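Overview (structure and organization)
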Amino acid sequence: MTIFLFFALALSWFGLVFEPQLQLGNAQPATNVVNTAELYPQRRPGLAKQGLEVYRSLGCASCHSQQIGQTGRTYDVALTDAGTNRAEVVRALLRVMPEATAVELEKLVAGPMPLKVLKDVTRAVADSAVEKLEPTGAKAVVKVIPTGPDIAHGWGKRRSVAEDFLFDQPVMLGSQRIGPDLADVGSRLPVAEWHLLHLYNPKIVEKKSVMPPYRFLFEKRKTGREPSPDALRFTGEYAPERDCEIVPTDQAKALVAYLLSLRADTVIFETPVTVAVPASTNAPAVSTNAPVAGATNAPPK
Amino acid sequence: MNSDPNPSNPPQEIDPTAGSARAPVWLFVLVALLAFWGMGFLDNHGGGFDPLVYKPYKSRKELEEDQPRSGNDAFRKGQKVFDAYCFLCHQATGKGLPNQYPPLAGSDWVQAKDPGRLIRLVLDGIQGTITVNGQQFNSAMPPWKENLTDEDIASVLTYIRGNQEWGNSASQVTPDQVKAIRAKMAGRSTAWSPDELLKVNENE
């Protein structure tokens, strides 16, 4: 009996502890696909590292997860360059898109590039379309698009993988999703001021938010001769009294630096995804008080 | 068990003992079915135990297919040509068949600095005793100039010359190189013999 018990436990220890340790225990930053000169992931800057402690102490992980799931993937085919032989391209396109007419296609091919040729197809269909298009001198690309409920929410462009958490200690994975997932919040909401207002009172930026306000991360004080450059800029009903200003404490700044450093938008080997522009690296923005000109504060729908 | 000191007073009740009962057959069947299902599940969802393969990918190969493609398109195309025309004799491993078809992997003919002889060999075929890596082979390779375009030949030669899985690392071949030699050898209608080929200057 004891021996069976021993084997049952030993086997699961091998499967759940030992084997993952063998596979990932020595993981090194490596496989940035888009920008091969740069390794992924990079260590978080100091302020963001302090922010992780604030995040941990405030219990943010009990309402926010940091893991994006992916259930499938789909492919688009786009024509990026129609080449010079338009007639031949249209003929090839007719074979790829049998439901379109030649007249329509001629107009499309003369129009702006890239031109979406196929949407939501399998890899095999996409590859065969490219094979039909390329001999005509046109250039076509296959786009890889991850799918899944989390990605449909706009929480991230790709799934989270072990590599993303390489330098975090502890890893704030979280399991509850009372609030949105934060694995990619730094690229989804890149404006520090938005985060500060949101922490001060979530209802300022998000009317329906159920997040509690974290006012104790801010200091309310009399405005001096000049208003503090760090002071929050309010509009409307949430503004404090006339001669007062709301200034973020170091804790708030660190927390925001950490939130901005949460980016899962680097394309790595494990998670192929076609990005429109080469994604900027995971180097997080450290500035906490300069709002980006013209940036929108609205969270993605 | 009878430790009663008084033999005239034997124990009335015997201790219960455990017998053995046959385990039902359906239990074994159920366990076997569960194990079978479990194996299938692991096979479909385990990603081949590869630490880099995550859902929804099922294998490293699927993952590699989705990587952004750039640069060596000729190599990929060459693999297709090879799989269609060459692998029957030279095998997918590039090792050929002992005493019948010469290897391409590690071959001094394939990895020559300039591909001149190799292009001629593929265009018009070869017949006769050829020495590859010190071993002699005596069979014929058909001419491919009717069936394969310049681009096909260039890409398949790029594939066999640069295939690192085979341990080869020679330079690429361009369609222009093939075109030039095809034009030069347009009048030829017989297969090459190895000795004849060796007389051709490699870089011509």
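Residues numbered from 1 in each chain as written. Chains lettered and ligands numbered in written order. Predicted model: local features only at pLDDT ≥ 70, side-chain atom pairs only at ≥ 80, totals over all residues.

1. Examining the environment of Asp195 of chain B
All names here are of chain B. Operational definition: Helix numbers and strand numbers start at the N terminus; a helix is a DSSP run of H or I with at least 4 residues, a strand a run of E with at least 2. Here exposure depends only on C-beta density: within 10 Å of a residue's C-beta, 20 or more other C-beta atoms make it buried, 12 or fewer make it exposed, and intermediate numbers make it partly exposed, the C-beta atoms being placed from the backbone.
Secondary-structure assignment places Asp195 in helix 7 (residues 194-199). The exposure class of Asp195 is exposed, given the 10 C-beta atoms found within 10 Å. Separated by 67 residues in the primary sequence, Asp195 and Gly128 place their C-alpha atoms 8.6 Å from one another.

2. Considering helix 6 (residues 175-184) of chain B
Residues and elements named next belong to chain B. Convention followed: By arc we mean the arc of the directions from the helix axis to the C-beta atoms, nothing more. What counts as a contact is two residues whose backbone-derived C-beta atoms lie within 7 Å of each other.
Those residues of helix 6 that sit buried are Gln177, Val178 and Ile181. In an axial view of helix 6, the angular spread of the buried residues amounts to 95°, which keeps them on one side of the axis. Exposed side chains of helix 6 directed beyond 90 degrees from the buried face belong to Asp176 and Ala183. Those residues of helix 6 that are buried lie in contact with helix 4 (116-124) and helix 5 (150-162).

3. As for the packing of helix 3 (residues 73-90) of chain B against helix 5 of chain B
Residue and element names in this part refer to chain B. Defined as follows: Structural elements are reduced to axes, namely lines fitted to C-alpha atoms, with helices fitted over the stretch in contact, and the angle between N-to-C directions of any two is expressed from 0 to 180 degrees. Each angle is binned into one of four classes, with values under 35 degrees roughly parallel, values over 145 roughly antiparallel, values of 65 to 115 roughly perpendicular, and all other values oblique. Note on residue classes: Ala, Val, Leu, Ile, Met, Phe, Trp, Tyr, Cys and Pro are nonpolar, Asp, Glu, Lys and Arg are charged, and everything else, Gly too, is polar.
Direction vectors running N to C along helix 3 and helix 5 enclose 95°, while the axes themselves pass 7 Å from each other. Taken together, helix 3 and helix 5 sit at an angle that is classed as roughly perpendicular. The segment helix 3 lies against helix 5, with Ala74, Phe75, Lys77, Gly78, Gln79, Val81, Phe82 and Cys86 engaging Asp152, Ala154, Ser155, Val156, Thr158, Tyr159, Ile160 and Gly162. Residues belonging to the contact of helix 3 with helix 5 are distributed by class as follows: nine nonpolar, five polar and two charged.

4. Considerations on unusual backbone geometry
Note the cis peptide between Tyr40 of chain A and Pro41 of chain A, where omega equals -5°. Turning to its location among the elements, Pro41 of chain A is positioned in the loop between helix 1 (2-24) and helix 2 (46-57). In the segment running from Lys55 of chain B into Pro56 of chain B, the intervening peptide bond is cis, with an omega of 5°. Position of Pro56 of chain B among the secondary structure elements: in the loop between helix 1 (25-45) and helix 2 (60-65). Positioned with a positive phi, Asp120 of chain A is a non-glycine residue whose angle comes to about 60°.

5. Comments concerning the environment of Gly224 of chain A
Residue placement: Gly224 of chain A occurs in the loop between strand 4 (218-222) and strand 5 (244-248). Taking the C-alpha atoms as reference points, Gly224 of chain A and Asp243 of chain A, 19 residues apart in sequence, are found 8.5 Å from one another.

6. Description of the sheet that holds strand 2 (residues 115-121) of chain A
Backbone hydrogen bonds hold the strands of a sheet together, and the pairing may be parallel or antiparallel. Residues and elements named next belong to chain A. Under the convention used in this document: Strand pairing is defined by DSSP finding a minimum of two bridges between the two strands.
Reading across the sheet, the three strands line up as 2-1-3 and stay open at both edges, with antiparallel pairing between neighbours. Looking at the sheet topology across the chains shown, the edges are occupied by strand 2 and strand 3 (139-147). Strand after strand, the sheet turns through a mean of 20° between neighbouring axes, direction not considered. Summarising the sheet, strand 1 (residues 72-81) and strand 3 pair through nine bridges and their orientation is antiparallel. Paired with Val77 across the two strands is Val142, which belongs to strand 3.

7. Some words on the interface of chain A and chain B
Between chain A and chain B, the contact holds 14 residues from the first and ten residues from the second. Elements supplying a minimum of two residues to the side of chain A that touches chain B: helix 1 and strand 1 of chain A. Residue composition of the side of chain A that touches chain B, grouped by class: six nonpolar, four polar and four charged.

8. Quick notes on the confidence of the model for chain B
Residues and elements named next belong to chain B. Going by this rule: Predictor confidence is given residue by residue as pLDDT, running from a minimum of 0 to a maximum of 100.
Overall, the prediction assigns chain B a mean pLDDT of 85, with 93% of residues at 70 or greater. Ranking the elements of chain B by mean pLDDT puts helix 3 last with 84 and helix 1 first with 94. In the predicted complex, the global pTM is 0.68; the interface-specific ipTM is 0.74.

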